[in-house]
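# Summary of structural features
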Amino acid sequence: MRYIIGIGGAGGVLASQAYKKIQKAKINDVILLNFSTSLEDALNISEVQQTLQVIQEGAGKNFSAGEQMWEKNFLKITKYLEPISAEDDVFIFASTAGGSGSSGMKFFINYFFEKKVKSIVVNCLLPSEESLNFKTNCFLSLNELANLDKKATILLFDNKELFKNFKNDLFITNDWITDKVIYTFFLKDLDKKERTIWTLDKNDFREIIYKPGFLNSISLKEFDFTTKKINFETYGSINQAKRILLIYNLTPKDNLERVAQVFQDNIQKFIGKFAKNTVIHYGIVETNFLPHFYHIFANEISINNLLFTLKVQVSNSLEKFKALGEKAENVLSKDEKKQLDLRKFL
């Protein structure tokens, strides 16, 4: 079985949306579990009947408060997780910005790792807002995840950049995120191509996509062989990867032989230019997600630059507050005071 698990408000919304799409695609061996930590979060999640409001108090958008909340309450929710076994895949959705999701991921990862489940996949959102509180939560959360990258496959989504690309439309942003998750991890279920010559090997697919570590991908209409390297959005580059999965997505109308010839030529150029010291696996698939695109996946890549940037941003902001001394709280709006208790950080 495969379990979709939402943690907190944003995680629950995304998990529910992904589950609906998976059902629509007629992938049947999937179960949804949403863990809400406040009534407000539970009401915002569409699949209410599959939402477990396990904790009442919420985390108040604070990582430290959330951490204490999960430590106090996690044992009582494990009864809902007991059916998950070593033969199952688990897909977690959470946000690094708020309190519940950002602090809760490590508890679920460690629990499933101890149960030796087949695969642990974590899909998490980076904050869309510039709030110091959200950035602090994000830094603390990613710092925890960086120490858990041997236990889980971790895929990050930069909500700030996605909002910019989709003109602040939350629905379109969430739609894109869930499409990307399903295309990435359920690709073999979606592949309609039965022709074997270029069929993507299932073992190669799992070895890269499900291997523990930070995963990222990029979709390109065509390759630019004049550039020195291919960077992923937000974190990592192909040069860092030990193994790469390169896929071309065709349509039923395409001539497979013609596509295969161009694909083979581009593979050789790609290896010579970008992946000389990298193991590369490749194949052609047929799905409805971005046809006529090359999709490149790489795992075990570094998020050190992202962590450093967040740390500098948080540190600089806190230094400004320190310089203000006792006057710091007077320059904050009521909403900011509600979101961030400076005494927890200063």
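Residues numbered from 1 in each chain as written. Predicted model: local features only at pLDDT ≥ 70, side-chain atom pairs only at ≥ 80, totals over all residues. Heavy atoms only, no water.

Moving on, we get to empty space enclosed by the protein. For the coordinates displayed, the defined rule picks out 1 cavity of 30 Å³ or more. By volume, the largest cavity amounts to about 40 Å³. Its residues assigned to classes, the lining of the largest cavity shows 1 nonpolar, 1 polar and 4 charged. (1 Å grid on protein atoms, 1.4 Å probe; cavity = no way out; pocket = protein on both sides within 12 Å on 5 of 7 lines; lining within 4 Å. Points joined across faces, edges and corners; volume = space filled by probe spheres on them. Nonpolar A, V, L, I, M, F, W, Y, C, P; charged D, E, K, R; others polar.)

All chains considered together, the criterion is met by 12 salt bridges. For the salt bridge of Lys-21 with Asp-175, the shortest nitrogen-to-oxygen distance reads 2.5 Å. Of this pair, Lys-21 sits in helix α1 (residues 8–24) while Asp-175 is found in helix α7 (residues 170–185), placing the two residues 154 residues apart along the sequence. On the basis of relative accessible area, Asp-175 is assigned to the partly exposed category, the value being 25%. Connected through shared salt-bridge partners, Arg-2, Asp-29 and Asp-189 make up one network. (Salt bridge = Lys/Arg side-chain N within 4 Å of Asp/Glu carboxyl O. Helix = DSSP H or I, 4+ residues; strand = E, 2+ residues; numbered from the N terminus. Buried < 20%, exposed > 50% of the residue type's maximum accessible area, 1.4 Å probe, protein only.)

Let us now look at helix α10 (residues 256–274). An α-helix turns once per 3.6 residues; consequently, residues spaced three or four apart project the same way. Taking 1.5 Å per residue as the helical rise, α10 with its 19 residues ought to reach 27 Å, and the 25 Å between its terminal C-alpha atoms agrees with that figure. Every buried residue belonging to α10 is among Leu-256, Val-259, Ala-260, Phe-263, Asn-266, Ile-267, Phe-270 and Phe-274, and all of these are buried. Along α10, the residues classed as buried sweep out an arc of 135° about the axis, all on the same side. Summarising the geometry of α10, the exposed residues directed more than 90 degrees from the buried face are Glu-257 and Arg-258. (Expected span 1.5 Å × (residues − 1). Arc of directions from axis to C-beta.)

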